[in-house]
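The lines below spell out each chain.
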Amino acid sequence: MSWAYVFELIQNIMITQTGIPNLAIKEVFMIGVAFFFLYLAVAKKYEPLLLVPIGFGIFLVNFPLVPLMGFSEHGNPELIRAFYKYGIEWEIIPCVIFLGLGAMTDFGPLIANPKTLIIGAGAQLGVFITYIGVLFFGFTLKEAASVGIIGGADGPTTIYLTAKLAPHLLGANALAAYSYMAMVPLIQPPIMRLMTTPAQRLIKMRQLRPVSDREKLLFPLIAAILIILLIPAVAPLMGMFMFGNFMRECGVVKRLSDTAQNALMNIVTIFLGLSVGATMQADKFLSWKPLLIFSFGLMDFVVCTFGGILTVHIMNLFLKEKINPLIGSAGVSAVPMSARVSHSEGLKADPDNWLIMHAMGPNLAGVIGSASAAGMFIAMFQ
Amino acid sequence: MNATAFQVFRRFSCKWLPALTLATALTAATAAWAAFGEVIEKPAPEFNRQGDSITATLIPRAKSTRVQIQFSAAGARLLDVEGMDFEKAERPEVDVKNFKSALFVIHLGDLTPGAEAKVSLTSDFFISSTQFYVFNETLPQPWVISDAANLSLPERVQELVVTVKDGGPLDSDGKADGRITLVGGPRDSFWGYALGTLFIRFFGIFIVLCLLMLGMIISGFVFQWLARRKAAGVDKTTAAGAPRIEEENVLPAAGNRMDPAAAAAVAAALHLHLAGSQTSPILDLSGSPQGSWALHGRAQMMAERMLVFNRKNR
């Protein structure tokens, strides 16, 4: 064995079996992006439960030669690819998250004031405006729909729809949706102030009526019947959502409800975050696409907020008891952040005006509205 | 002169350069993007012959499920059908987005030279406004709208019937040789579909949520009525066992009930009064009703109520 042979052997090992010579600038950049998201999550506490696994997913998959998102020689998916394949490609994780969300949701404010459902529908305006807007930029119909749904501000719905229609946009769409959800307190207040007069912000709403347990129990059944009959395509999401809520309200499966709200939700959140983060590999992610998606996502969010407030203004033309238009912005389904923003803006106008429970109505309606919009899009492409 | 030119340039650069840069960037991005999306959605038809007809199975653009298009011919024998890349027929006057189900090359044979034949394309994917566009490279205007008849069949199936003359303008081989090559595809308006579906689906959400609202209002009325009835039943039972109360001592009727806010205030006052008489004074209400402790207390209460909505994982 000569020294030349040994050197060649070392060289081959270095090149083919270690990552260092294969590390490209774009991968280093993506690792920097991962650090940025981890910083936002840890230091700034922006959606940490999602951004930590997403950030770490980005971090892991951008090292060269890592067996995480590919397939083995036998065609089996590697670790994170398996999470992605069975969790997202098979559309399981978003539906399980909806199960957990249903188990966490108290529909009381919505049942007490069903009129707020209209606000949830109006706040989907941005979804459709963006859908048309991005078509002008050369997106295909499916891509446009998956970008449009970002404005609905519902992470699992965005992931579900994108995985179904445009899986290549999953990373950018999910990140845009969760980022804007985290930025609700920054994005919405200026629009709310622009769209309302000081007098309108002072409108006090009558206290919501108490809702009986029986009403709460029947709500998921009634809602599931109506929505699934009208939009069968939304059955996986809405069915799981209402099932989770029924478990919560029936009171006889407390253990299942607790599991859905906590353990199950936490488990799928880990796999969801890692899988979404892992889709952001440098060679796929570094392009104009994410930038365009982030720009349109922001516009989408703004228009959705605008749509919700506008809907309240229109409703007030016909209602005897006026609705405070500040709760219109809660029509996006960022629960409960946007309801809190409505409440805090209301308090700024009148420290004695407590809007939180009134804002929860459109907020919950927004969840149903964005899921319905997703169902509409899925049906459109069937 | 130079100074004027500089001023013009400065004005131009200040006002328009950023916009132009952005527009260029977006256009470049759009071009790159369009190619990206289209490649992913490119239909790849698979053909299957069954007797005299050939069936193409494909996932069209803007669809997630497979559709079938059945080809048959009258007045000639259908020899073969194959798919064709749109790039070969791309011209400024046509947009690939309008051709959702790809382009086809249809070969007919066994007909009298110069005779006419009818080609039928049948699918439930077509709608009544679907047209059939023909591409013939030998013509000065290669893209032609054929006068295809669009017939409605049962079960929402549409049939496009294209009449082609051997050696005529729709025949790509250009010769009256007893063989016809028809290149073309079904065309639907992309923007018409996109805009139409936008309105339908946006108002669809309103309809869905309005129906849900009506359902909830009705069920709310029913539940409130049941609750009132139950309460009235309890009142009656209580009243039956209770001594008769003089008319002047009866509480106001349900319609004249006190305002809930006022009732809450009275209840709070009574509570404070009674609590105050039992222990040392615990509350000082002489100050502003919006004192910091009051606001803090309310914030605490609301925060506790908000716990149920605190979706930590969203």
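In this text, all values refer to a predicted model and were calculated from it rather than measured experimentally.

Participant: Tell me about the overall build of chain B, residues and numbers included.
Facilitator: Secondary structure assignment for chain B yields five helices and 11 strands. For chain B, the proportion of its 314 residues judged to be buried stands at 34%. Taking all contacts inside chain B whose residues are at least 6 apart in sequence as the whole, residues at least 24 apart take part in 62%. Carbon and sulfur atoms provide 61% of the accessible area of chain B, an area that totals close to 19,400 Å².

Participant: Hey, could you go over the packing of helix 5 (residues 93–104) of chain A against helix 16 (residues 254–261) of chain A for me, with residue numbers and the actual values?
Facilitator: Residue and element names in this part refer to chain A. With their axes 8 Å apart at the nearest point, helix 5 and helix 16 run at an angle of 120° to one another. Relative to helix 16, the element helix 5 is oriented oblique. Along this stretch, helix 5 crosses helix 16, giving a crossing that reads as left-handed. Contact with helix 5, carried on its side by Leu 99, Gly 100, Ala 103 and Met 104, involves Ser 257, Ala 260 and Gln 261 of helix 16 and no other residues of that element. Classifying every residue of the contact of helix 5 with helix 16 gives four nonpolar, three polar and no charged.

Participant: So what's going on with the pairing of strand 5 (residues 103–109) of chain B? Which residues, and what values?
Facilitator: Residues and elements named next belong to chain B. Of all seven residues in strand 5, six are buried, a share of seventy percent or more. Across seven bridges, strand 4 (residues 77–84) lies against strand 5 in antiparallel orientation. What sits directly across from Gly 83, in strand 5, is Phe 104. As judged from the five bridges shared by strand 5 and strand 11 (residues 180–187), these two strands associate in the antiparallel manner. Within the sheet, the bridge partner assigned to Val 105 lies in strand 11 and is Val 183.

Participant: Outline the sheet that holds strand 5 of chain B, listing residues and values.
Facilitator: Paired through backbone hydrogen bonds, the strands of a sheet run either parallel or antiparallel to each other. Residues and elements named next belong to chain B. One open sheet accounts for five strands, arranged 4-5-11-7-8; its pairing is antiparallel. Single-partner strands in this sheet number two, and they are strand 4 and strand 8 (143–145). Across the sheet, the mean angle from the axis of one strand to that of its neighbour is 30°, orientation sign disregarded. As defined by bridge partners, strand 7 (residues 131–135) adjoins strand 8 across three bridges and the pair is classed as antiparallel. The residue of strand 8 that forms the bridge with Phe 135 is Trp 143.

Definitions and limits used
- Residues numbered from 1 in each chain as written.
- Chains lettered and ligands numbered in written order.
- Predicted model: local features only at pLDDT ≥ 70, side-chain atom pairs only at ≥ 80, totals over all residues.
- Heavy atoms only, no water.
- Helix = DSSP H or I, 4+ residues; strand = E, 2+ residues; numbered from the N terminus.
- Buried < 20%, exposed > 50% of the residue type's maximum accessible area, 1.4 Å probe, protein only.
- Contact = heavy atoms within 4.5 Å.
- Areas by Shrake-Rupley, 256 points an atom, 1.4 Å probe, with all protein chains shown as cover.
- Axes fitted to C-alpha atoms, helices over the stretch in contact; angles between N-to-C directions.
- Parallel < 35°, antiparallel > 145°, perpendicular 65-115°, else oblique.
- Left-handed = near helix turned anticlockwise from the far one by under 90°.
- Nonpolar A, V, L, I, M, F, W, Y, C, P; charged D, E, K, R; others polar.
- Pairing = 2+ DSSP bridges.

All we've got here are geometric facts, nothing functional implied.
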